[in-house]
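Observations on the three-dimensional arrangement
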Amino acid sequence: MLKVENVHKSFGKNQVLKGVSFDVEKGDVVAILGSSGSGKTTLLRCLEFFEKADDGRIELGELKTDLKGAHKSVANQFRQHTGFVFQNYNLFNNKTALDNVKLGLIKGHGVDKKKADELARKALDKVGLSDRLDYYPSELSGGQQQRIGIARAVAFEPDVIFMDEPTSALDPELVGEVLETIKKLAENGITMVIVTHEISFARDVATKVIYMDEGVIVEQGTSLEIFSRPKQERTRQFLSRFLADYDYVI
Ligand SMILES: Nc1ncnc2c1ncn2[C@@H]1O[C@H](COP(=O)(O)OP(=O)(O)OP(=O)(O)O)[C@@H](O)[C@H]1O
Ligand SMILES: [Mg+2]
């Protein structure tokens, strides 16, 4: 459903992505793991056309394009099919929860006001915020704000949602409710590509795990393959940092 091929991106002399390729099937939850600076955010930003890649291709359903020369109108076509969840929520602070989600639908996706209201309420219900429609972000916890961010991304029923460390800005006690929300989306068959440092979440929820280091995919496979039988020494070392007492079946 989503095919990413050979993505390259440099900032000046800093080669951040050195040919990244992976496939996503409908219903997949892909977890991207990797240490800080390995290029995970840059990769997602290139796939959402926030950043212009130097090389590479993307296919999403019937849509196909080179990333480098992609015209704005092509980027917009892709964005009609992809949602994005930011680490820091990116909400309008002067808009209520309901209006934040509605605005995305109206401005970003050309949905009429009545339909936007209906879809926004449905999306906020999915993330458990039906009782907070008229609250402003400052009146909500970080976990609730991020759930608005997730509602905004699911509201227009995209083919795939990209999430960049959706829980890393949260206080530890709020991480669980957001992971639970994402898990529910997964159970409902929503396709997601999630950059995360939540290793046990990735192990339990991801259908596919990608480990990145220094701008390349070191290893990718099913959750079982990566967590129980990692082939690469670099993957083992990375995981052992999180799972000190982890028993590998090698
Ligand atoms: N806009 C930019 N301009 C210049 N360099 C950048 C820019 N964005 C990212 N970089 C560089 O690209 C490299 C990869 O950054 P990126 O944010 O993609 O890493 P990451 O894997 O998401 O890390 P983290 O886990 O800390 O979020 C870093 O060396 C970073 O300094
Ligand atoms: Mg990042």
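Given the structure is predicted, the values throughout are model-derived calculations rather than measurements. Throughout, residues of each chain are indexed from 1 in the direction in which the sequence is written. Labels are handed out in written order, letters beginning with A for the chains and numbers beginning with 1 for the ligands. In view of the model being predicted, local features appear only for residues whose pLDDT reaches at least 70, and side-chain atom pairs are presented and counted only at 80 or more, with totals across whole chains, interfaces and linings using the full set of residues. Values shown for side chains rest on all heavy atoms present in the structure; no hydrogens or waters enter the calculation.

In this section: the nonpolar core. Take the buried Ala, Val, Leu, Ile, Met, Phe, Trp, Tyr and Cys residues and link them wherever side-chain atoms come within 4.5 Å; each set so joined is a nonpolar core. For every residue, the accessible area (1.4 Å probe, protein chains only) is compared with the maximum for its type, and the residue is labelled buried under 20%, exposed over 50%, or partly exposed between those bounds. By size, the foremost hydrophobic cluster in this structure holds 40 residues, and its most contacted members are Leu 105, Leu 124 and Met 192. Each helix is a run of H or I in the DSSP string that is no shorter than four residues. Each strand is a run of E no shorter than two, and both are numbered from the N terminus. Take this core: its biggest share by element is seven residues, from helix 6 (residues 172-187). If we skip the residues at most four places from it in the chain, Leu 124 touches Ala 97, Leu 98, Val 101, Leu 129, Ser 130, Leu 133, Ile 148 and Ala 151. Counting 31 residues, the second largest nonpolar core, distinct from the first, contains Phe 49, Ile 58, Ala 70 and Ala 75. In what follows, a contact means two residues having at least one pair of non-hydrogen atoms within 4.5 Å.

Side-chain rings of Phe, Tyr and Trp, where Trp is taken by its six-membered ring, are said to pair if the distance between their centres is within 6.5 Å; with planes under 30 degrees apart they count as stacked, over 60 as edge-to-face, and otherwise as tilted. Under the defined criterion, the tally for this structure stands at six aromatic pairs. In textbook terms, an aromatic cluster arises when at least three aromatic residues are bridged by ring pairs, as seen for Phe 50, Phe 84, Phe 86 and Phe 162. Lysine and arginine charges are scored as sitting over a ring when NZ or CZ, respectively, is within 6 Å of the ring centre and within 35 degrees of the ring normal. When the ring centre of Tyr 135 is taken as origin, the NZ or CZ atom of Arg 132, which lies over that ring, is 4.9 Å away.

Our next topic: the pattern of salt bridges. Only one rule defines a salt bridge in this text: a Lys or Arg side-chain nitrogen within 4 Å of an Asp or Glu carboxyl oxygen. A complete count under the given rule lists 11 salt bridges for this structure. Among the ionic pairs, Asp 117 bridges to Lys 102, the shortest N-O distance being 3.3 Å. With a gap of 15 residues between them, Asp 117 in helix 4 (residues 113-126) and Lys 102 in helix 3 (residues 97-109) connect regions that are remote in the sequence. Using a relative accessible area of 21% as the deciding quantity, one classes Asp 117 as partly exposed. Residue Lys 102 is classed as buried on the basis of its relative accessible area of 18%. The closest approach of N and O atoms between Lys 115 and Glu 118, which form a salt bridge, is 3.6 Å. Taken as a pair, Lys 115 and Glu 118 lie in helix 4 at a separation of three residues, close to a single helical turn. Owing to a relative accessible area of 37%, Lys 115 belongs among the partly exposed residues under this scheme. When salt bridges that share partners are traced, they join Lys 102, Asp 117 and Arg 121 into one network.

The next point concerns the side chain of Gln 144. With respect to the secondary-structure elements, Gln 144 resides in helix 5 (residues 142-154). For Gln 144, a relative accessible area of 15% gives the class buried. When near neighbours in sequence (up to four residues on either side) are disregarded, Gln 144 contacts Leu 129, Arg 132 and Glu 177.

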